[in-house]
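The residues making up each chain are set out below.
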Amino acid sequence: MDKAINFISSLMIAVSNCSLYSKEHESFDDLARKVYAMLMESMADRFEIMMLLNDLVVNNTPLRKGGLHRTRLLKRFTRKGIARVEISAGVSLAEIKQFIVDLSASRKGLRTYPHIKTGSVNISDGMGVIDTSLDTFSPDDETGKLKESFDAVTFQKKLQMVALHEVVVRFIAAFKGENNVLKFLCPVKDYSEYTYIHAANVAVLSMFQAKTLGIDDELLHDIGIAALLHDTGKLFISKDILEKKGKLDDNEFNEMKNHPVLGARYLAKMDDITRLAPLAAFEHHMQYDGSGYPVLNFQRKKQHFCSQIVAIADFFDALRSRRPYRESWEVEKIFALMVKNSGTAFNPLLLDHFIKSIRATLSLPEETQEVRG
Ligand SMILES: [Fe+2]
Ligand SMILES: [Fe+2]
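Attention in this report is confined to the structure presented alongside it. (Residues numbered from 1 in each chain as written. Chains lettered and ligands numbered in written order. Predicted model: local features only at pLDDT ≥ 70, side-chain atom pairs only at ≥ 80, totals over all residues.)

Looking only at helices and strands, the protein chain features 15 helices and 6 strands. The burial tally for the protein chain puts 39% of its 373 residues in the buried class. Pairs at least 24 apart in sequence give 69% of the contacts found in the protein chain among residues at least 6 apart. (Helix = DSSP H or I, 4+ residues; strand = E, 2+ residues; numbered from the N terminus. Buried ≥ 20, exposed ≤ 12 C-beta atoms within 10 Å, placed from the backbone. Contact = placed C-beta atoms within 7 Å.)

What follows deals with the nonpolar core. Soluble, globular proteins show a tendency: their nonpolar side chains are buried together. Formed by 52 residues in total, the largest nonpolar core has its most connected members in Ala203, Met207, Ala226 and Ala227. Counting residues per element, the ones that place at least two in this core are α6 (161-175), α7 (194-212), α8 (217-228), α11 (259-268), α12 (276-283), α13 (305-320) and α15 (348-362). Element by element, the count of residues in this core is highest for α7, at 12 residues. Leave out the neighbours within four places in its chain, and Ala226 touches Thr274, Leu276, Ala277, Ala280, Cys306 and Val310. If you look at the next biggest cluster of nonpolar residues, it comprises 28 residues, including Phe7, Cys18, Ala32 and Leu103. (Core = buried A, V, L, I, M, F, W, Y, C linked by C-beta atoms within 7 Å.)

Turning to α8, a few remarks are in order. With 12 residues, α8 should cover 16 Å at 1.5 Å per step; its first-to-last C-alpha distance of 17 Å lies within 8% of that length. Judged by how many residues are buried, α8 sits mostly within the fold: 9 of 12 residues are covered. Among the residues making up α8, those that are buried are Leu220, His221, Asp222, Ile223, Gly224, Ile225, Ala226, Ala227 and Leu228. (Expected span 1.5 Å × (residues − 1).)

Here we come to the environment of Ser342. Take Ser342: it is sitting in the loop between α14 (331-340) and α15. Judged by C-beta crowding, with 20 C-beta atoms within 10 Å, Ser342 ranks as buried. Along the backbone, Ser342 and Tyr288 are 54 residues apart, and their C-alpha atoms lie at a distance of 8.7 Å.

Attention now moves to the packing of helix α2 (residues 26-42) against helix α4 (residues 93-104). Following both chains from N to C, one finds α2 and α4 inclined at 115 degrees, their axes separated by 9 Å at the closest point. Considering only the axes of α2 and α4, their crossing is right-handed. Of the residues in α4, those in contact with Ala32, Arg33, Val35, Tyr36 and Leu39 of α2 are Leu93, Ile96, Lys97 and Ile100. In the contact of α2 with α4, the residues fall into 7 nonpolar, no polar and 2 charged. (Axes fitted to C-alpha atoms, helices over the stretch in contact; angles between N-to-C directions. Left-handed = near helix turned anticlockwise from the far one by under 90°. Nonpolar A, V, L, I, M, F, W, Y, C, P; charged D, E, K, R; others polar.)

Attention shifts here to the packing of α8 against α13. It is the contact of α8 with α13, at a shortest axis distance of 10 Å, that shows an interaxial angle of 55 degrees. One way to sum up the angle between α8 and α13 is to call them oblique. When you trace α8 past α13, the crossing you get is right-handed. For the pair formed by α8 and α13, the contact residues are Ile223, Ala226 and Ala227 on the first element and Cys306, Ile309, Val310 and Ala313 on the second. Of the residues contributing to the contact of α8 with α13, the split by class is 7 nonpolar, no polar and no charged. (Parallel < 35°, antiparallel > 145°, perpendicular 65-115°, else oblique.)

Let us now look at the pairing of strand β1 (residues 46-52). Relative to strand β4 (residues 84-88), β1 is paired through 5 bridges, and the arrangement is antiparallel. Within the sheet, the bridge partner assigned to Arg46 lies in β4 and is Ser88. Relative to strand β2 (residues 55-58), β1 runs antiparallel, the two sharing 4 bridges. Residue pairing in the sheet places Ile49 in a bridge with Val58 of β2. (Pairing = 2+ DSSP bridges.)

Here we come to unusual backbone geometry. In this structure, the amide linkage connecting Tyr293 to the following residue, Pro294, adopts the cis form with an omega of 0 degrees. You can see Pro294 is positioned in the loop between α12 and α13.

What follows covers α2. Inspection of α2 places Leu31, Ala32, Val35, Tyr36 and Leu39 among the buried residues, and these make up the whole buried set. Looking straight down α2, one finds its buried side chains confined to an arc of 140 degrees; they lie on one side. Facing away from the buried side of α2 by more than 90 degrees, the exposed set consists of Glu26, Ser27, Asp30 and Glu41. (Arc of directions from axis to C-beta.)

Okay, the environment of Asn201 next. For Asn201, the position within the fold is in helix α7. Sequence separation between Asn201 and Ala313 is 112 residues, and the spatial gap between their C-alpha atoms is 8.0 Å.

On to the environment of Pro278. Residue placement: Pro278 occurs in helix α12. In this structure Pro278 comes out as buried when scored by C-beta crowding, with 22 C-beta atoms within 10 Å. Taking the C-alpha atoms as reference, Pro278 lies 7.5 Å from Ala226; in sequence the two are 52 residues apart. Residue contacts for Pro278: discarding those within four places in its chain leaves Ala264, Leu267 and Ala268.

Purely geometric stuff here, so don't read any function into it on its own.
Take a look at the structure:
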């Protein structure tokens, strides 16, 4: 097992070096050769690293040691949406070099190499490797993964992030081939599933805004994760309230209003998650002009721009979806209401951009009326 630890340490040193400098840096070749030599020493016909419930399992043996490098590899896997790497005999130095470069880059997704296979572990059974290729993308499948992850949440149990990172990576990749963002939004077929479907839709609409604002790479990914998790606090609100067929009374609404604090508190305890996640969970119902909830008894800063993006996506999806107590709204009717609240509930510049971008993707005519600031 010491050989495996040495391989992982040398791998993470090479990855860090490549992140800091580049593969052109003079030290990269030496470090990559060292990784390759360590691998050759420790592998027979194959070498497998698997991430299971925040533990690393190397060649079927849990890796207890490895300190900082082990932790860094876990974080890197989580961020890339990888939960398993299998290297088979015959792997070349060139493949290892490319693997190090890809692992160090934040922008690149998963790639297949002749002798290195990467995949993600299906959270439901913990062991089965699922296909991460993008040809099978379907919004329905993505919400299914969210449901599995969210269903496992309790205050004591941490959310498994691998599936969520994978959903975000796949959404980002799918955006590239499709202009009409609304095609990625799922209809709510069953009200009990609203939470998952709404989470996926808000992530799509938030990443769409961010992408069309020119945001890319790690920040785009983090906004996707924060948007997916904005309503995590609702997992701790009673089902009777969440699925009530009819408007909430005052007491019920007050309980519902706890979800930003409950979500932020839960997410703030997780150390392998973007800080934007607890922030957006806490702030998504705080409005642009400082009204909204939670009400704070101290002077607060303006909503973070990520929370402002999520708030626009949240409002749009909430009205677009059919709910137990009302039908869905037409896009133009939602826009009209949002414009009315521009500058109060919503950041006027972001809202203007959102409406123009959605109109452009739907080929709707531009309204002549300007969004009120
Ligand atoms: Fe919410
Ligand atoms: Fe929401």
